[in-house]
Amino acid sequence: MSVTAPTRPGPTPAYRPDRKKKSRHVYNVVGLVAFVAMAFPVYWLVVSALRPNQEIRSYDQKLWPDSVTLDNFQRAIAAPNFGTAIQSSLIICVTAVAGAMLMATIAAFAIGRFQFAGRKAFMIVLLVVQLLPPTALLIPLYLQLNELGGLNEYWGVIVVYLVSTLPFATWMIRGFVVNIPKELEESAMVDGCSRMGAFWRVIFPLLAPGLAAASIFALINAWNEYLLAYVVLQDNDKYTLNVWLMNFSTSRGTDYGALMAASTLIAIPVVVFFMLVQKKMAAGLTSGAVKG
Amino acid sequence: MKAAEPPVPGLRQPGERPAPGPADGVSVPGVATPSSTGSTPSPAGAGIRGKRNAGALLPYLLIAPAFVAIAAVFVWPLIKTVIMSFQDVGRRELWTGDPAPWVGFEQFTNILGDGEFWDVVWRTLLFMVACVVATMGIGLFLAQAMQRMTNWVRLALTGALVAAWSLPLLVATSIFRWFADSDYGVVNMVLTKYLGLDFRGHNWWLDPKQGFLMIGAVVVWGAIPFVAITLYAALTQVPKELEEAAALDGAGAAGVFRYVTWPVIKPVFQMVATLSVIWDFNVFGQVFLMRGNKPEPEYNLLGLYSYEKAFESNSFSQGAAISLITVLLLSGVAVYYLRQLLKIGEVE
Amino acid sequence: MKRKLIAAVGAATMMASVAACGGSGGEAAKDPKDRKGTLTVWLMVDAQSTWPELVKQANTAFSKKYPGVKVNVQYQQWADKTKKLDAALAGDKFPDVVELGNTETMTYILNGALGEIDPKKYDNSDTWIKGLKDTCSYEGKLYCVPYYAGARVAIYNKDMFKGATGSDTLPTTEDALTKALDKVQSKYGKKDKAFSALYLPGRYWYAAMSYVAAYGGQIAEYDESSKKWKATLSSPEAQEGIQHFIDLVKKYNHGDQTKDEQDHANVMANEKAAMLYGNGWEAGSVVDGNANGNPKLKDKIGTAGMPGPNGKALPSFIGGSDLATISKSENQDLAEYWISLFTNEKSEAALAAKDILPNNTKQLEPLKSKASTAPIANAVPDAWFTPIAPGWAAVEKKETIELMLLDILKGTSVEDATKAADAEIDELINEAS
């Protein structure tokens, strides 16, 4: 969505422009303070990744590094299974996110466009799934994957990630489905498209912002998950990036420099993806819900 | 003036379509608008009638994949959790498949009769309320401020929010843990060096109030991006004209917010707040990692408590019972959330 | 009663596993060249980062005998390993060989998860270090194989001691040591308020219990008549030891006294401490740039036996790792064979070469005369170990002793704190966990 039109010179009775200007300064200050507060831990991550290891937890903390080194990054990249971890994370996250978006979209279409018996029950199921504390579910989930044969398989992890993001995704996309004018769909139908055909050709593209918004949630959820992936995946070359990260902690302490460098690298794809869809997402997040 | 009706039309994304008429979401497949094309009436009618039968099934087909996936992955574990909470399952039963003895409501009465449990519940509630209020308050304030700041400031802030959001919990928590460290922590350094207070060697964890301040900081810091960005997006839908008109009518800033802004952002706000309640109620990793994987008893929150019972005291049944109680405790919020969900479902 | 029941069920599972072995006994009878399948081994990540060549060696030797069996080594992480193992044992994808810390084994033995092993199949099993072997024994049977050991020693900055006392060797009695520490503190602590002559963190319970052992106390005692464990931290000896430890913490630790030992290497690398009481290998971490160490201190860090009260050396806790087979596994014979290769004399010698204590006293002997290993090797004979009790793991997870120390530092009297700790331990220690 376009950035709010900057001060419209139009007919608006210029009411106290001075005050407005002054208040803008105040808000800029607020913005900068908030920027520092939000960015400081991220800054610290990057700074720690660039510092020699013994300076990271130095007793004489400085807000900027005295010496900069890329050693930590080299160690992080050279650690065993980095490549396979990237591959695993990509396979798992891309599939889980795409699958969740697909299922959520068609489910959202159902609850957004139809009245049918069981609709409320379905919505309740969506809700209950979100209420459970994830750590308590670990063992029952593991046993279930054992039954299904999903242990040590990518799909075992994928399915769990997919399902845990379904409720939010369905919810969000539903908001877009109901906002799409019916006429559009109907005219397409009359043109000879089937209902599903109409959906795919006409409506799907209009859901893009909602999909973008939901997918970023799904991605952050899947990309940053650790415990389930660690417990379910057994072969070391199937470990995801977040599991691989923990290899920097041994019984002899943690290689914090490498850990921070690796974390910096791991965060990059998420930030890039986020930047790509961020604008659409800000639009997406609300037009769904505001409608209510 | 009555500005309470949400001025809906500003749904920008599907584009310039004027969206005629009330969006009456209930689609009745049979009554396709005859308008546009003057197609041959009778065959089309038959076709549509045929579709009506299919239409009755269609929604079920559409929710089927999601439903099956949820059922396959979650339903049995859920049932299993319920069953386990009425048994006494320890490691032996889990590993050998030996039948676990049934104990009826014993797990529940044990937990509900345990003074420690209620301490944990109150602590969790307090922590949750504090975190949610702080997150929503700061998030809303930032979102409003973002509307009014210069472009480059807003861009910088959005960038920071995005980067913060993308950090894995493990990493964010390690960093906050260093900040709070007594010997080499940046917090003590800044307080001592730049603010002239003597915080050298101050331990933030001895007093749980201070400790929870630090844990709350990670939780709130981690949740603000989601809240601020979402509410900012909601705020952009508030029509400028209405705000200005209200201001001209003499409504103060509070009045404008109360009568113009709030009605528009209310649904989003409620949604985000409810999710925050659920998330903050189940906080686990932040406490666990901030306390070096071994939190002291006074840092026990419900999520940790259930984990501790399950894995450390070797009673998976107690862990299960606690998580069911947690769900019940949350169901107050859940009912509210559900009503929102269903109400919205009705409106169309 | 419960103990008996456990023993009975344990026996039942043993039978079951023997039967399972019988099943694969047919397999075992076959020519090893015809054996097929996969042997899954869970090792801690340390083996991957510090001695990967040992794993390779064992695998190569293993496939010579069993060319058709694939060895799949999966490295585990310290943070959540037991959670993973707990889950895995409930399903069908469990490992055949698993590494366990020596304080973790009892939970798994008591719950019937580990298979019995035959010590005759292993090199030097007659001289296995007692502290490790005890953690593998239950009711006269053995359920795991010692892998390596660790002992604690004094680690000190030679330059600082030399600068303050004129000598870079550590005194051998505690009296002389405290005098030296006083000098170090006054020399280096004057300018730097956070400097600790001896960095002894207040929640470092392995150290505190070493002082308890030094005074002849212990954490808990097994009472033959009632067949029950009873906590004895409030005994006069134990209280004396704890008081001694607390006094040292308060006198010499000028950092945050309420931490545990996690910051050891970092404190010394930052030259904020002249001395630590830590695991032998921590001396290496202090100077290792890849592990938060400070390479500039290389050659300046020495190790020595830790002097204790009453003119004797301070008894060390003996830590370490064990390797076990899983009772449900159908490859127990293969698992035992792999473990025997991985812990044979040659492998243990390779560990010893890295200054890690081998699993047996025979190979330990030469280390006692080697300068870099003498302090740790000498600490082994009068080492102490945590109670081999069914509920000990639960006591550790509850952090009863750590929290007791914390209470004392916060002002509770030693007497009250130890009594409270005893009560808590008594509640947990006899229940299998």
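Up top is the structure.
Residues numbered from 1 in each chain as written. Chains lettered and ligands numbered in written order. Predicted model: local features only at pLDDT ≥ 70, side-chain atom pairs only at ≥ 80, totals over all residues. Heavy atoms only, no water.

**Considerations on the overall build of chain C**
Now for step 1: Of the regular secondary structure elements, chain C holds 19 helices and twelve strands.
Now for step 2: Against the compact-globule benchmark of 22 Å for 433 residues, chain C has a radius of gyration of 23 Å, which places it among compact chains.
Now for step 3: Structurally, chain C occupies a C-alpha span of about 75 × 50 × 35 Å along its principal axes.
Now for step 4: Of the roughly 16400 Å² that chain C leaves accessible, carbon and sulfur atoms contribute 52%. (Helix = DSSP H or I, 4+ residues; strand = E, 2+ residues; numbered from the N terminus. Rg over C-alpha atoms; globule rule 2.2 N^0.38 Å. Areas by Shrake-Rupley, 256 points an atom, 1.4 Å probe, with all protein chains shown as cover.)

**Here we look at the side chain of threonine 386 of chain C**
Residues and elements named next belong to chain C.
Now for step 1: You can see threonine 386 is positioned in the loop between helix H16 (374-379) and helix H17 (392-398).
Now for step 2: The exposure class assigned to threonine 386 is buried, which follows from its relative accessible area of 3%.
Now for step 3: In contact with threonine 386, other than residues within four places in its own chain, are Thr103, Trp205, Phe317, Trp392 and Glu396. (Buried < 20%, exposed > 50% of the residue type's maximum accessible area, 1.4 Å probe, protein only. Contact = heavy atoms within 4.5 Å.)

**Observations regarding the state of the cysteines**
A disulfide bridge is the covalent bond that connects two cysteines by way of their sulfur atoms.
Residues and elements named next belong to chain C.
Now for step 1: For the coordinates displayed, the defined rule picks out one disulfide over all chains.
Now for step 2: Disulfide pairing places cysteine 136 opposite cysteine 144 at an S-S distance of 1.9 Å. Handedness here is read from the sign of the S-S torsion; for cysteine 136 and cysteine 144, about -100°, the answer is left-handed. Taken individually, cysteine 136 and cysteine 144 each receive the classification buried, so the pair is uniform in this respect. (Disulfide = S-S within 2.5 Å.)

**Concerning the sheet that holds strand E7 (residues 152-157) of chain C**
Residue and element names in this part refer to chain C.
Now for step 1: Spatial ordering of the open sheet is given by E10-E7-E11, a layout of three strands whose pairing is antiparallel. Looking along the sheet, the strands with just one partner apiece sit at the ends: strand E10 (275-279) and strand E11 (301-304). Across the sheet, the mean angle from the axis of one strand to that of its neighbour is 35°, orientation sign disregarded.
Now for step 2: By the bridge criterion, four bridges tie E7 to E11 in an arrangement that is antiparallel. Paired with alanine 154 across the two strands is alanine 304, which belongs to E11.
Now for step 3: Contacting E7, E10 and E11, helix H7 (residues 158-165) crosses the sheet at an angle of about 65° to E7. (Pairing = 2+ DSSP bridges. Axes fitted to C-alpha atoms, helices over the stretch in contact; angles between N-to-C directions.)

**Quick look at the side chain of glutamine 363 of chain C**
Residues and elements named next belong to chain C.
Now for step 1: Mapping glutamine 363 onto the fold places it in helix H15 (residues 361-367).
Now for step 2: On the basis of relative accessibility, which here comes to 10%, the residue glutamine 363 falls in the buried class.
Now for step 3: A distance of 3.4 Å separates a polar atom in the side chain of glutamine 363 from a polar atom in the side chain of asparagine 124.
Now for step 4: Filtering out sequence-adjacent residues up to four positions away, glutamine 363 remains in contact with Asn124, Glu345, Glu348, Ala349 and Pro358. (Polar contact = N/O pair within 3.5 Å; in protein donor to acceptor, adjacent residues only side chain to side chain.)

**A few points about a negative patch on the surface**
Now for step 1: Together, Glu221, Asp223, Glu237 and Glu240 of chain C make up a region of like negative charge exposed at the surface.
Now for step 2: Elements with a minimum of two residues in the negative patch: strand E8 (220-223) and helix H10 (236-252) of chain C. (Patch = residues over 30% accessible without salt bridge, like charges linked within 9 Å, V, L, I, M, F, W, Y side chains within 5 Å. Salt bridge = Lys/Arg side-chain N within 4 Å of Asp/Glu carboxyl O. Lys, Arg positive; Asp, Glu negative; His and termini not counted. Charge placed at Lys NZ, Arg CZ, Asp CG, Glu CD.)

**A short note on the pairing of strand E12 (residues 319-325) of chain C**
The two faces of a sheet get side chains in turn, since along a regular strand they alternate between them.
All names here are of chain C.
Now for step 1: Of all seven residues in E12, six are buried; the element is thus mostly enclosed.
Now for step 2: Pairing of strand E3 (residues 97-101) with E12 involves five bridges; the strand directions are antiparallel. In the strand pairing of E12, glycine 101 is matched with serine 321.
Now for step 3: As judged from the five bridges shared by strand E6 (residues 145-150) and E12, these two strands associate in the antiparallel manner. For glycine 150, the partnering residue across the bridge sits in E12 and is glycine 319.

**Quick look at the pairing of E3 of chain C**
Residues and elements named next belong to chain C.
Now for step 1: Among the five residues in E3, five count as buried, and that is most of the element.
Now for step 2: Residues of E3 alternate between two faces, with Val97, Glu99 and Gly101 on one and Val98 and Leu100 on the opposite face, all of them buried.
Now for step 3: Summarising the sheet, strand E1 (residues 37-44) and E3 pair through two bridges and their orientation is parallel. Counterpart to tryptophan 42 in the pairing with E3 is valine 98.

**So, unusual backbone geometry**
All names here are of chain C.
Now for step 1: One non-glycine residue with positive phi stands out, namely aspartate 299, at about 70°.
Now for step 2: Here aspartate 299 is to be found in the loop between helix H12 (282-287) and E11.
Now for step 3: Even without being glycine, glutamate 399 reaches a positive phi, approximately 55°.
Now for step 4: By secondary structure assignment, the location of glutamate 399 is in the loop between H17 and helix H18 (400-410).
Now for step 5: With relative accessibility at 8%, the residue glutamate 399 sits in the buried group.

**Here we look at the sheet that holds E6 of chain C**
All names here are of chain C.
Now for step 1: Pairing in this open sheet of five strands is mixed, and the strands run E2-E1-E3-E12-E6 from one edge to the other. Two strands bound the open sheet, and with one partner strand each, they are strand E2 (69-76) and E6. Pairs of neighbouring strands in the sheet enclose a mean axial angle of 20°, with direction left out of account.
Now for step 2: Across the sheet, helix H4 (residues 81-90) touches E1, E2 and E3, and the angle it forms with E3 is around 140°.
Now for step 3: Helix H13 (residues 332-342) rests against E1, E2, E3, E6 and E12 of the sheet, and its axis sits at about 150° to E12.

Such coordinate-based values are descriptive only and should not be taken to indicate function.
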